[in-house]
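Notes for the structure review
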Amino acid sequence: MILMRTNTGQVHGLVCVIMGLIFMGQMGYWAEADGLFNSSKLEMFVDELPDIPKVLGYNVGPHGKPRPKSFTIGMFYKKWKFHRDLPATPVFAYGTSKKTASIPGPRIEVLHGVDSYITWENHLLAHHILPWDPTLPVATPADHKGVPTVVHVHGGIDESASDGFLEAWFTAGWKETGPKWSQRTYRYTNNQQPGNLWYHDHAMGLTRANILAGLSGAYIIRQPDVEDPLGLPRGDQFDRVLFLHDKEFYANGYIFMNRTGDNPSIHPEWQPEYFGDVIIVNGKAWPFLKVHRRKYRFRIINASNARYFRLNFTNGLGFVHVGSDSAYLNKPVKTNHVFLGASEIADVVVDFAESSSDTVILENSAAYPYPSGSAPNELNSKVMKFIVEPKYGDNPPLPTKLLDYPSPDLFRVALTRYITLDEDDSSTGNPTNLYINFVPFESPVTETPKPGSKEIWYVINLTKDNHPLHIHLALFTVLDQIELVNLTEFTNCMVKLKNATQCDLAKHAVGKSVEIPAEEQGWKNVFKMKPGFVTKIFVTYTYIHTNASYPFDATAGPGYIYHCHILDHEDNVMARPLKLIA
């Protein structure tokens, strides 16, 4: 296939389009003969919220002492029932076997400081079940057979060979591997702070299709000696993962993914965002959960391709935030909503003893795409239903303090970086490519921090979209978010000079300042970058609970990346390598 790029990053040429359609036809396993399913015909709240299967990432030795564990998790093709009245859907699913594979994948629970060794096995088909666009930089086997996959534990602090680099992909049986692939078994040291992570596919150009097909699951690091004294709700009944995403279906139950791009002469299939009207929680469409009048802990993970969720209860019941992304807050924060960009995690406690009704709906009010898109409709504005039953057991108060991690030490900042989010548009105004710092992913590495160092990043968003920026390996806190004035002038200068200092960022970053919500003022690995704003973050390449550097060589292997976590943006290619140096 011949790809001819202009300096705006657009891909041109009849050869590209024709070959793309051929490859899509070879790889496609989807079926649309029955047309789209009318999602409004699905009755809500008829399926009970499933318990996600649990896999322990450690063994227990003599005297109850935890020990490292080696185990295998596969990726399988199977059928999955998302709703009582929807035909079984072909999916890709993680599991210890095809029989136990699930949507989402099993909840992997590990212990702080105890190694887990996971061999991720690809048992997928020769062809994909969803369309993909070969005009993007994409993982492509030489014989165009097999589905490339690679697993990233989102929020994990691990050696780069185990981080799931985009080009470290492999097909079934490791028949073919990407240029940065190196090993079958990944080592997770689990030395970081306790908290919530999730794992998902990360193959170059296929992340959006592979995750939409089902390849994602929760990963929890527990540290009982630190967490148990907090007195938060415990046990599988009262401490639940809520794994959210959205989908659309064909009448035959297959997952719908649009096969026609906004700019088909450039990208025949790619569209800038995927949205579905059917809201899925733990593998079921609009489920219900019976709860007692007491406190419950919900670890809410937004695993959607592009959808943001602004969650609230219809009866005014509130939330108490205890964690954000992979880290605890230093104290609980009460709100009446939970606002999650794509890939973000909120760790909250809900006290149903305070419910004014015996049933309550969890709703979503976030526009799509966020922030300037459509308001939610009758379908995608509903998430799930809670049926509130009589009190059961004790309902102790929440602590006034949680885990107190060090605040950013600005005197230790080694370097300041300017990170620009931008896009190229076609003559019709539709985006064709999205970039970081005006360059594609394959351009030479420009972000080369040192292990143990601290940096300031000014993230400049010149696009009209809100972008959830995710940094692998590192953690960061958000210091401020300020509107850019005379944005057109500044953007034109940046497009020409590509230098924030020469374009006098300080002169333009004088607009209104947005207060960072208290529940998002802790340590994070994703944050929502507002359009037309510059967001200042403090980035650390250390553990936050010890302020120590890593016990592994973070400079070895293929390196890490940072990227927008709207998956359609990441694949096209709002992502850049991050290579640590000694």
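Right, let's walk through the structure included here. On a predicted model such as this, the values are computed, not experimentally measured, just so you know. The numbering scheme is per chain: residues are counted from 1 as the chain's sequence reads. Local features in this predicted model are restricted to residues whose pLDDT is 70 or higher, and side-chain atom pairs enter the listing and the counts only when it is 80 or higher, whereas totals over whole chains, interfaces and linings include all residues. As a rule here, side-chain values come from all non-hydrogen atoms in the structure, and water together with hydrogens is ignored.

1. Digging into the packing of aromatic side chains
Working definition: a ring pair exists when centres of Phe, Tyr or Trp rings (six-membered ring for Trp) sit within 6.5 Å. Plane angles under 30 degrees give stacked, over 60 give edge-to-face, the rest tilted. By the definition in use, this model includes 29 aromatic pairs. Measuring from ring centre to ring centre gives 5.4 Å for Phe 82 and Phe 249, while their planes differ by 50 degrees; the resulting arrangement is tilted. Separated by 167 residues along the polypeptide, Phe 82 in the loop between strand 5 (66–80) and strand 6 (89–95) and Phe 249 in the loop between strand 13 (239–247) and strand 14 (278–281) bring together distant segments of the chain. With a centroid separation of 5.4 Å and 15 degrees between ring planes, the pair formed by Tyr 418 and Tyr 458 is classed as stacked. Of this pair, Tyr 418 sits in strand 25 (residues 413–425) while Tyr 458 sits in strand 27 (residues 454–461), and the two are 40 residues apart along the sequence. The exposure class of Tyr 458 is partly exposed, given its relative accessible area of 22%. Its guanidinium or amino end placed over the ring of Phe 238, Arg 294 lies 3.7 Å from that ring's centre, counting from NZ or CZ. The numbering of helices and of strands both runs from the N terminus, where a helix is a DSSP run of H or I of at least 4 residues and a strand a run of E of at least 2. Note on classification: 1.4 Å probe, protein chains only; a residue is buried when its accessible area is under 20% of the maximum for its type, exposed when over 50%, partly exposed between these limits. A ring is scored as having a charge over it whenever the NZ atom of a lysine or the CZ atom of an arginine sits within 6 Å of its centre and within 35 degrees of its normal.

2. Here we look at the sheet that holds strand 30 (residues 526–529)
Neighbouring strands of a sheet are bound in pairs by backbone hydrogen bonds; such pairs are parallel or else antiparallel. Two strands pair if DSSP finds at least two bridges between them. Strand order in the open sheet formed by 4 strands is 30-28-32-33, with antiparallel pairing between adjacent strands. The outermost strands of the open sheet, each flanked by one partner alone, are strand 30 and strand 33 (575–578). Looking at each pair of strands side by side, their axes are set apart by 20 degrees on average, direction ignored. Sheet topology note: the strand 28 (residues 467–471)/strand 32 (residues 560–564) ladder contains 3 bridges and is antiparallel. From the neighbouring strand, His 470 faces strand 32, where its bridge partner is His 563. Only C-alpha atoms enter the line fits that serve as axes; for helices the fit covers just the stretch in contact. Angles between N-to-C directions range over 0 to 180 degrees.

3. Quick look at the state of the cysteines
Whenever a pair of cysteine sulfur atoms sits within 2.5 Å, that pair is classed as a disulfide. Enumeration according to the criterion identifies 1 disulfide in this entry. The disulfide bridge from Cys 493 ends at Cys 503, spanning 2.1 Å between sulfur atoms. Linking Cys 493 and Cys 503, the disulfide has an S-S dihedral of approximately -90 degrees and is accordingly described as left-handed. With Cys 493 in helix 4 (residues 487–497) and Cys 503 in the loop between helix 4 and helix 5 (505–508), the pair connects residues that are 10 residues apart, well separated along the chain. Using a relative accessible area of 5% as the deciding quantity, one classes Cys 503 as buried.

4. Let's talk about unusual backbone geometry
Backbone geometry follows two general trends: most residues other than glycine have a negative phi, and most peptide bonds adopt the trans configuration. Cis geometry is found at the peptide bond from Ile 103 to Pro 104, where omega equals -10 degrees. Following Tyr 370, the chain continues into Pro 371 via a peptide bond in cis, with omega recorded as 10 degrees. Structurally, Pro 371 can be placed in the loop between strand 23 (359–364) and strand 24 (382–389). Of note in the backbone geometry, Phe 438 takes a positive phi value of approximately 65 degrees without being a glycine. If you trace the backbone, Phe 438 turns up in the loop between strand 26 (431–436) and strand 27. Residue Phe 438 is classed as buried on the basis of its relative accessible area of 15%.

5. Observations regarding the sheet that holds strand 31 (residues 533–540)
Read across the sheet, 5 strands follow the order 26-25-27-31-29 without closing on themselves; strand pairing throughout is mixed. Every other strand in the sheet has two partners, leaving strand 26 and strand 29 (475–483) as the edge strands with one partner each. Each strand axis lies, on average, 15 degrees off the axis of its neighbour in the sheet, ignoring direction. Across 8 bridges, the pairing between strand 25 and strand 27 is parallel.

6. Side note on the environment of His 267
When you line up the elements, His 267 lands in the loop between strand 13 and strand 14. Here the side chain of His 267 touches Thr 432 through a polar contact of 2.8 Å, landing on its backbone oxygen. Two N or O atoms count as a polar contact when they lie within 3.5 Å, although within protein this holds only if one can serve as hydrogen donor and the other as acceptor, and sequence-adjacent residues are included solely when both atoms are side-chain atoms.

7. A few points about the side chain of Thr 207
On the secondary structure map, Thr 207 appears in helix 2 (residues 207–212). Aside from chain neighbours lying at most four places away, what touches Thr 207 is Asp 201, His 202, Leu 567, Glu 570 and Asp 571. Should any heavy atoms of two residues lie within 4.5 Å, those residues are considered in contact.

8. Some remarks on the pairing of strand 20 (residues 327–335)
Two faces make up the sheet, and in a regular strand the side chains alternate between them. With 5 bridges joining them, strand 19 (residues 319–324) and strand 20 adopt antiparallel strand pairing. Residue pairing across strands places Gly 323 opposite Tyr 328, the latter belonging to strand 20. As consecutive antiparallel partners, strand 19 and strand 20 are separated by 2 residues, and within that stretch Asp 325 has a phi angle of approximately 55 degrees, a positive value.

9. As for the nonpolar core
Residues belong to a common nonpolar core when they are buried Ala, Val, Leu, Ile, Met, Phe, Trp, Tyr or Cys residues joined through side-chain atoms within 4.5 Å. Formed by 95 residues in total, the largest nonpolar core has its most connected members in Trp 120, Tyr 219, Phe 298, Phe 352 and Phe 386. Element by element, the count of residues in this core is highest for strand 5, at 6 residues. With near-sequence residues (within four places) excluded, Phe 386 lies in contact with Leu 289, Val 291, Phe 298, Phe 313, Phe 352, Asp 358, Thr 359, Val 360 and Leu 362. Judged by nonpolar contacts, the second largest core, of 53 residues, contains Ile 157, Leu 403, Ile 456 and Leu 469.

10. Quick notes on the environment of Leu 232
Looking at where Leu 232 falls in the secondary structure, it is placed in the loop between helix 3 (224–227) and strand 13. Between the C-alpha atom of Leu 232 and that of Phe 256, which follows or precedes it by 24 residues, the distance is 40 Å. With residues up to four places along the chain from it excluded, the contact list for Leu 232 reads Arg 297, Val 322, Tyr 328, Val 349, Leu 398 and Pro 399.

11. Topic: helix 4
Listing the buried residues of helix 4 in full gives Phe 490, Thr 491 and Met 494. End-on, the buried residues of helix 4 take up no more than an arc of 100 degrees, which puts them together on one face. For helix 4, exposure combined with an orientation more than 90 degrees from the buried face picks out Thr 488 and Lys 496. Check the buried side of helix 4 and you find it contacts strand 25, strand 27 and helix 5. Where helix 4 terminates, the next one or two residues include Lys 498, which has phi positive at roughly 55 degrees. This arc is taken over the directions from the axis of the helix to the C-beta atoms.

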